Amino acid sequence: PVHIDRVVYKEIPVDRIVEKIVEKKVEVPVDRIIERVVEKEVKVPVEVPPPPPPQIAGLGVLLDRYYSPNATDNGMFWQQIKAVIPGGSAQHSNKLTSGDILLAVNGHPVFNCEPSQVKSLTTGPIGSPVNLQIMRNGQRYNTSIVRTGDGNPAALQQLGY
């Protein structure tokens, strides 16, 4: 380190300024050049996409409101199967037919339910069962259908939907 004890200022008249550029070249022998390669392990975060959501399927039927003619059911309506979709779960099971009245889904009665409520009860992962209580020709019976997800959208168009 350099220590300065005092500074002296001197004024000198300048009649011209000369600029000098000094280049200094240093030659280094090739054998003194050291090449350093530094390897460093860097962990790069890899984004793993979430698993795809399970494929959802329904019964493969078109439902319509069915108003009960029974006096004890005054003002109540049920869901009636208007059509079985070709290639859908209901057709594969061969357990439902047009005209069947849907009374309950997985133990939940569906009288006076809106179509969206019935849809939420009947849809689920492909391969999962749905338990139904059906009325056909005045007789109640219970059945189970496995959701296949094989419904045919073109069939809906043919049926006018």
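Residues numbered from 1 in each chain as written. Predicted model: local features only at pLDDT ≥ 70, side-chain atom pairs only at ≥ 80, totals over all residues. Heavy atoms only, no water.

A.B. asks: I'd love a proper account of the pattern of salt bridges, names of residues and values included.
C.D. replies: Inspection of the entire model under this criterion finds two salt bridges. The salt bridge partner of Glu 114 is Arg 65, with a shortest N-O separation of 2.8 Å. Within this pair, whereas Glu 114 is found in the loop between strand 5 (108-109) and helix 2 (115-122), its partner Arg 65 is found in strand 2 (residues 61-67), the two being separated by 49 residues in sequence. The exposure class assigned to Glu 114 is partly exposed, which follows from its relative accessible area of 38%. Between Arg 136 and Asp 100 there is a salt bridge; the shortest N-O distance is 2.7 Å. On the criterion of sequence distance, the pair formed by Arg 136 in strand 7 (residues 129-136) and Asp 100 in the loop between helix 1 (89-93) and strand 4 (101-105) is long-range, its members being 36 residues apart. The class for Arg 136 is partly exposed, based on a relative accessible area of 28%. For Asp 100, a relative accessible area of 1% corresponds to the buried category. (Salt bridge = Lys/Arg side-chain N within 4 Å of Asp/Glu carboxyl O. Helix = DSSP H or I, 4+ residues; strand = E, 2+ residues; numbered from the N terminus. Buried < 20%, exposed > 50% of the residue type's maximum accessible area, 1.4 Å probe, protein only.)

A.B. asks: Break down the packing of aromatic side chains for me, citing the residues and quoting the values.
C.D. replies: As enumerated under the stated definition, the model contains one aromatic pair in all. When the ring centre of Phe 77 is taken as origin, the NZ or CZ atom of Arg 65, which lies over that ring, is 4.1 Å away. (Phe/Tyr/Trp six-rings, centres within 6.5 Å; stacked < 30°, edge-to-face > 60°. Lys NZ or Arg CZ within 6 Å of the ring centre and 35° of its normal.)

Worth remembering: the numbers are spatial, not functional.
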